[in-house]
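The primary structure of each chain is shown beneath.
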Amino acid sequence: MKPQPKSGVLDIEIYVPGKSRAPEGIKLHKLSSNETPLGPPPAAVEAARQALLHLEQYPDGQASDLKAAIAEVHGLNPKNILCGNGSDELLGLLCQCYLGPGDEAIHTEHGFLVYGIQIRAAGATPVVAPEKDRTADVDAILARVTEKTKLVFLANPNNPTGTYLPFDEVRRLQAGLPGNVVLVLDAAYAEYVRRNDYGAGVELVSATDNVVMTRTFSKIYGLAGLRVGWLYGPETIVSTLDRVRGPFNLNAAAIAAGAAAARDRAFVEEAARFNAEWLEWTAKALEGLGLEVTPSVGNFLLVHFDDAAGRGAAEADAFLTERGFIMRRVAGYGFPNALRMSIGTEEANRGAVAALAEFLGRSSS
Ligand SMILES: *Cc1c(COP(=O)(O)O)cnc(C)c1O
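Residues numbered from 1 in each chain as written. Predicted model: local features only at pLDDT ≥ 70, side-chain atom pairs only at ≥ 80, totals over all residues. Heavy atoms only, no water.

The name an unreviewed UniProt entry gives the protein chain is Histidinol-phosphate aminotransferase, with Jiella sonneratiae as the organism. In its Sequence similarities (unreviewed entry) section, the UniProt entry covering the protein chain states "Belongs to the class-II pyridoxal-phosphate-dependent aminotransferase family. Histidinol-phosphate aminotransferase subfamily." Quoted verbatim from the Cofactor (unreviewed entry) field of the UniProt record, the comment on the protein chain reads "pyridoxal 5'-phosphate". (UniProt positions renumbered as here; feature names shortened; annotations may be inferred.)

Quick look at the structure:
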């Protein structure tokens, strides 16, 4: 007799985060985890520092200050907000509360890996909907809905492709789902998107009973190390998740820093502007080297390599790593011959392009 985890758990492949090491003596440019190159907002660092002076106290279990800041900035009712230890925790809570053995949850072909992990951890079955042009396909998702379906996950924009669904398509997806299926709109990169036909999902959450939107402070807000995420949803869903979460799921520094970061609108605006400029520059420069780049609205690019021996993603990754440019292998996302590059500092972007030019044996213009 040996201890056995519940069914499904051992089918989970352990999540491998982006690498974060360069060889001895080489300057590290970490472009592997979609972190901001701009650092955290100084006001958030100061707020966290203040919180550290009272570490003997439990944090506010309701994260009221953080909810108030988010509500204020986004014009929402705090009752419809739930904060999490990163949005990853909220994705897990959704699975824990709405899935059990025999249930199914749908995610797309190249969707975020955390969905499959959390669906299996809840004992349910992940169902994969194929994508079209590396973009979520509403008809393919709807065609996979059965009586067993309880959740649909859509990362919009998606990681690692950087592609997005226009809001009309998201609306069509919701309209096609039975009312008992929760549509999870994971808008981790929403602040970066500059498209008139994009919406993160606030209106759809407000207008329906079965849609939630998750957001994070890990990307544009520069607080990945503290773990702060939030969810906006109907009160019935928010209060359901509220029962199951840890009573103090966010630490005191995370609550304080998150609230300060949310209110620093100038920081976010500048970060979005910086990203738009370097996303475009980097995509064009990589295309100029003859590489195929999936059009992205996020803070990262999916770069495709040749099948030719010696010119593939694995070789490029090794070459870049030796020079301190750390990118993300994405074989686990169904892209064995691509790398995901986060937009970094000017120095990192220029350096990575120059290194790739050298790798490909061409001169960079
Ligand atoms: C980075 C990312 C998140 C954020 O996760 P946190 O737990 O908030 O750090 C969520 N969804 C997607 C698609 C992401 O790429």
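Now, onward.
Chemist: So what's going on with the sheet that holds strand β7 (residues 211–216)? Which residues, and what values?
Modeler: Strand order in the open sheet formed by seven strands is β2-β8-β7-β6-β5-β3-β4, and the pairing between neighbours is mixed. Because the sheet does not close on itself, it has two edges, and the strands there are β2 (81–84) and β4 (125–129). Recorded for the sheet is a direction-independent mean angle of 20° between the axes of neighbouring strands. In this structure, β2 lies alongside strand β8 (residues 229–232), joined through four bridges in antiparallel fashion. By the bridge assignment, Ile81 is partnered in β8 with Tyr232. Helix α6 (residues 167–176) contacts β5 (149–155), β6 (182–186) and β7 of the sheet and is inclined by roughly 160° relative to β6. (Pairing = 2+ DSSP bridges. Helix = DSSP H or I, 4+ residues; strand = E, 2+ residues; numbered from the N terminus. Axes fitted to C-alpha atoms, helices over the stretch in contact; angles between N-to-C directions. Contact = heavy atoms within 4.5 Å.)

Chemist: Just give me the short version of the UniProt feature "domain: Aminotransferase class I/classII large" (unreviewed entry) in the protein chain, but keep the residues and values in it.
Modeler: When the UniProt feature table is mapped to this numbering, "domain: Aminotransferase class I/classII large" (unreviewed entry) covers residues 29–356. A distance of 14 Å separates the end C-alpha atoms of residues 29–356, which is 40% helix and 18% strand.

Chemist: Give me the sheet that holds strand β10 (residues 300–304): which residues, what numbers.
Modeler: Read from one edge to the other, the open sheet built from four strands follows the order β9-β10-β13-β12, with strand pairing classed as antiparallel. Either end of the sheet is taken by a strand with one partner, and the two such strands are β9 (292–294) and β12 (328–330). If you compare each strand with its neighbour and ignore which way they point, the axes differ by 35° on average. Where β9 and β10 come together, three bridges link them in antiparallel fashion. Each bridged residue has a counterpart across the sheet, and for Thr294 the counterpart in β10 is Leu302. Docked against the sheet, helix α10 (residues 265–288) engages β9, β10 and β13 (335–342), running at close to 10° with respect to β10.

Chemist: So what about the site of the ligand? Which residues, and what values?
Modeler: The immediate surroundings of the ligand are formed by Gly86, Ser87, Asp88, Phe112, Asn159, Asp186, Ala188, Tyr189, Thr216, Ser218, Lys219 and Arg227. Side-chain polar atom of Asn159 to an oxygen atom of the ligand: 2.8 Å apart, as the coordinates give it. Between the ligand and Tyr189, the relevant distance is 2.6 Å, taken from an oxygen atom to a side-chain nitrogen or oxygen of the residue. Protein burial of the ligand: of its 390 Å² of free accessible surface, 94% is covered by the chains. Across the shell around the ligand, the residue classes break down as three nonpolar, five polar and four charged. (Near = heavy atom within 4 Å. Polar contact = N/O pair within 3.5 Å; in protein donor to acceptor, adjacent residues only side chain to side chain. Areas by Shrake-Rupley, 256 points an atom, 1.4 Å probe, with all protein chains shown as cover. Nonpolar A, V, L, I, M, F, W, Y, C, P; charged D, E, K, R; others polar.)

Chemist: Residues and numbers for helix α9 (residues 252–263), please.
Modeler: Here α9 spans 17 Å end to end across twelve residues, near enough to the 16 Å set by a 1.5 Å rise per residue. Across the twelve residues of α9, nine count as buried, placing the element largely inside the fold. Taken together, the buried positions of α9 are Ala253, Ala254, Ile255, Ala257, Gly258, Ala259, Ala260, Ala261 and Ala262. On its buried side, α9 packs onto α1 (42–52), α2 (64–74) and α10. One side-chain oxygen of the residue at the start of α9 lies 3.0 Å from the amide nitrogen of Ala253, identifying that residue as Asn251. (Expected span 1.5 Å × (residues − 1). Buried < 20%, exposed > 50% of the residue type's maximum accessible area, 1.4 Å probe, protein only.)

Chemist: With reference to specific residues and values, describe the domain arrangement of the protein chain.
Modeler: If you check the domain split of the protein chain, you get domain 1 (19–39 + 266–360) and domain 2 (42–263). With centres defined by C-alpha atoms, the gap from domain 1 to domain 2 works out at 26 Å. Between domain 1 and domain 2, the contact holds 27 residues from the first and 24 residues from the second. By the criterion of area lost to domain 2, the three top residues of domain 1 are Val268, Val297 and Tyr333, representing 32% of everything that side buries. The tally of links between domain 1 and domain 2 comes to one salt bridge. A salt bridge links Arg134 to Glu292; its shortest N-O distance comes to 2.9 Å. Taken together, the links from domain 1 to domain 2 amount to eight residue pairs in polar contact (both at pLDDT 80 or more). Among the secondary structure elements, those contributing two or more residues to the side of domain 1 that touches domain 2 are α10, β9, β10 and β13. (Domains from an automatic or database assignment. Buried area = accessible area lost by both parts, 1.4 Å probe. Salt bridge = Lys/Arg side-chain N within 4 Å of Asp/Glu carboxyl O.)

Chemist: Give a description of the side chain of Thr214 that names residues and reports values.
Modeler: Relative to the elements of secondary structure, Thr214 occurs in strand β7. Owing to a relative accessible area of 0%, Thr214 belongs among the buried residues under this scheme. Leaving out residues up to four positions away in the same chain, Thr214 has contacts with Ser87, Leu91, Val184, Leu185, Asp186, Ala187, Ala188, Trp230 and Leu231.

Chemist: Can you explain the packing of helix α3 (residues 87–98) against helix α8 (residues 235–244)? Please cite residues and give values.
Modeler: Where α3 contacts α8, the two axes come as close as 10 Å, and the packing angle between them is 95°. The angle between α3 and α8 places the two elements in the roughly perpendicular class. Taking contact as the criterion, the partners of Leu93, Leu94, Gln96, Cys97 and Tyr98 in α3 are, on α8, Thr236, Ile237, Thr240, Leu241 and Val244. Residues belonging to the contact of α3 with α8 are distributed by class as follows: seven nonpolar, three polar and no charged. (Parallel < 35°, antiparallel > 145°, perpendicular 65-115°, else oblique.)

Chemist: Give a description of the environment of Ala316 that names residues and reports values.
Modeler: Mapped onto the secondary structure, Ala316 falls in helix α11 (residues 313–322). For Ala316, a relative accessible area of 0% translates into the label buried. Sequence spacing of Ala316 and Leu360 is 44 residues, and the spatial spacing of their C-alpha atoms is 8.7 Å.

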